[in-house]
Amino acid sequence: MMAGVASVEDLLRSSTLYRHVSAEDQARLARVSLAKSYARGETLFAEGDPPDYLFTIASGRVKVVKMLPSGKEIILEIFGHGDPVGAVVAFEGRPYPASAVALEPSDCILVRRTELVSLIDHHPGFARALLSGMAQRIVELTRRIPEVAGGRVETRFAHLFLKLADRLGQARGGARFVPIALTRQELADLAGTTPETCIRIMSRWGKEGIVTTERDGFVVRDAAALERLAEA
């Protein structure tokens, strides 16, 4: 369905990718954008699909996953409000190299790729603003490197939970509640380790009051301890 222009424009302003785009160009983009809702577990796009749309999350959370030849699913990233999903692929026009699945009921803004390319071709200011947004997105993604490459596993987990608390956390007294239920396998995928190692670390952190697990998410109770572990 066609989304209300005002609501789409509000989302575009909050998105890392579009926040530098002028109000005039945001209005142009809003006119060619669609809003779509996804249920938990529903696929936004599958690995190998053509990039007909560029997705931006209006609400909810989406995981990007890669299926290995063994059949195992690896989580590459989790995106939330205002995040673009599959932006680089949409610009390049090549098939999606991974799949995107809603972790919870999610609303997304979809911009048809052909319309996006047309705006880039005919409005140089829009193109420059998008490049600025892409550069900022690249900087954000490079912060994920310590979580998945080298270093102690516990250090990678500390980076992961600090990022989750920063991006998705909700204040709860002196703690931060991360309202997203992830299995030990999913946490292990995000940190680049095994479920067994994840279980050991999460059990110890729970006893030490650093991070505790609840039915519908996690509570980061001692961010200072996580920061010390992240620097180790």
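A. Expanded view of the packing of helix α7 (residues 153–168) against helix α8 (residues 184–191). For the pair α7 and α8, the least separation of the axes is 9 Å and the interaxial angle reads 105°. Here α7 lies roughly perpendicular to α8, going by the angle between them. For the pair α7 and α8, the contacting residues are R156, F157, L160 and F161 in the first and L187, A188, L190 and A191 in the second. Partitioning the contact of α7 with α8 into residue classes produces seven nonpolar, no polar and one charged.

B. Region of interest: helix α10 (residues 223–230). Taken as a whole, α10 has its buried residues at A225, L226, L229 and A230. On an axial view of α10, the arc spanned by its buried residues comes to 140°, and they lie on one face. In the core, the buried residues of α10 are packed alongside α7, α9 (195–208), β11 (211–214) and β12 (217–220).

C. Region of the structure containing the packing of α8 against α9. The geometry of α8 relative to α9 is characterised by a closest axis approach of 8 Å and an angle of 100° between their N-to-C directions. Here α9 runs roughly perpendicular to α8, going by the angle between their axes. Contacts between α8 and α9 involve R184, Q185, L187 and A188 on the former and, on the latter, P195, C198, I199 and M202. Taken together, the residues of the contact of α8 with α9 sort by class into six nonpolar, one polar and one charged.

D. Fine view of the packing of aromatic side chains. Enumeration over the complete set of coordinates arrives at five aromatic pairs. Three or more aromatic residues joined by ring pairs make a cluster, and in this case those are F157, F161, W205 and F218.

E. Highlighting the environment of L17. Secondary-structure assignment places L17 in the loop between α1 (5–14) and α2 (23–31). Look at L17 and you get buried, because its relative accessible area is 1%. Each C-alpha atom, one on L17 and one on L131, is 8.4 Å from the other, the two residues being 114 residues apart in sequence.

The rules we used
- Residues numbered from 1 in each chain as written.
- Predicted model: local features only at pLDDT ≥ 70, side-chain atom pairs only at ≥ 80, totals over all residues.
- Heavy atoms only, no water.
- Axes fitted to C-alpha atoms, helices over the stretch in contact; angles between N-to-C directions.
- Helix = DSSP H or I, 4+ residues; strand = E, 2+ residues; numbered from the N terminus.
- Parallel < 35°, antiparallel > 145°, perpendicular 65-115°, else oblique.
- Contact = heavy atoms within 4.5 Å.
- Nonpolar A, V, L, I, M, F, W, Y, C, P; charged D, E, K, R; others polar.
- Buried < 20%, exposed > 50% of the residue type's maximum accessible area, 1.4 Å probe, protein only.
- Arc of directions from axis to C-beta.
- Phe/Tyr/Trp six-rings, centres within 6.5 Å; stacked < 30°, edge-to-face > 60°.

Functional significance is not addressed by these values, which are geometric in nature.
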